[in-house]
Amino acid sequence: MSHQLTDNPIIKSLIGFSRHHCTQTLSSEGVDSIEFGHWLAIPSQRLLLVFRHQQCVAIDEYQLAA
């Protein structure tokens, strides 16, 4: 993973929390996110929070489509 994830302790700390908690935390920090499927995208960081059974289990990077 890139430095973006390690530079943002708030995002890094979301592992293990519910989708609702993650959404609320990001919103309170002024970070926009988009919910879809089993993911919560954070466009400004190009990161995806991956959820299983409504719990954040991983953080992954994504690239913009060309």
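Because the structure is predicted, anything quoted here is derived from the model rather than measured. Within each chain, residues carry numbers counting from 1 in the order of the written sequence. Local features in a predicted model are, by the rule used here, given only for residues with pLDDT of at least 70; side-chain atom pairs are given and counted only at 80 or more, and totals for whole chains, interfaces and linings are based on all residues. The side-chain figures draw on all heavy atoms in the structure; neither hydrogens nor water molecules are used.

### Quick word on the pattern of salt bridges
Next, step 1: Any carboxyl oxygen of Asp or Glu within 4 Å of a side-chain nitrogen of Lys or Arg constitutes a salt bridge here. Counted under the stated rule, the structure contains one salt bridge.
Next, step 2: For Glu35, the salt bridge identified is with Arg19, shortest N-O distance 3.7 Å. Taken as a pair, Glu35 in strand E1 (residues 34-36) and Arg19 in helix H3 (residues 19-28) lie far apart in primary sequence, 16 residues in all. The numbering of helices and of strands both runs from the N terminus, where a helix is a DSSP run of H or I of at least 4 residues and a strand a run of E of at least 2.

### Focus on the sheet that holds strand E3 (residues 47-52)
Next, step 1: Overall, antiparallel pairing links the four strands, which are arranged E1-E2-E3-E4 in an open sheet. Only two strands of the sheet have a single partner each, and these edge strands are E1 and strand E4 (55-61). For this sheet, the mean angle separating the axes of adjacent strands, direction not counted, is 25 degrees.
Next, step 2: Here strand E2 (residues 39-42) runs beside E3; their pairing, made up of four bridges, is antiparallel. Residue Leu40 lies in a different strand from E3, and its bridge partner there is Leu49.
Next, step 3: On the sheet, H3 packs against E1, E2, E3 and E4 and is oriented at approximately 10 degrees with respect to E2. Paired strands, in this sense, are two strands between which DSSP finds at least two bridges. Axes here refer to lines fitted to C-alpha atoms; in helices the fit is confined to the stretch in contact. Angles between the N-to-C directions go from 0 to 180 degrees. Contacts are residue-level and defined by heavy atoms, with any inter-residue pair within 4.5 Å sufficient.

### So, the environment of Ala58
Next, step 1: For Ala58, the location among the structural elements is in strand E4.
Next, step 2: Overall, the relative accessible area of 28% leaves Ala58 in the partly exposed class.
Next, step 3: Distance in space between the C-alpha atoms of Ala58 and Trp39 is 9.7 Å, their sequence separation being 19 residues.
Next, step 4: For Ala58, the contacting residues outside a window of four places in its chain are Ile15, Leu48, Leu49 and Val50. When a residue's accessible area, from a 1.4 Å probe over protein chains only, is under 20% of the maximum for its type it is buried; when over 50% it is exposed; and in between it is partly exposed.

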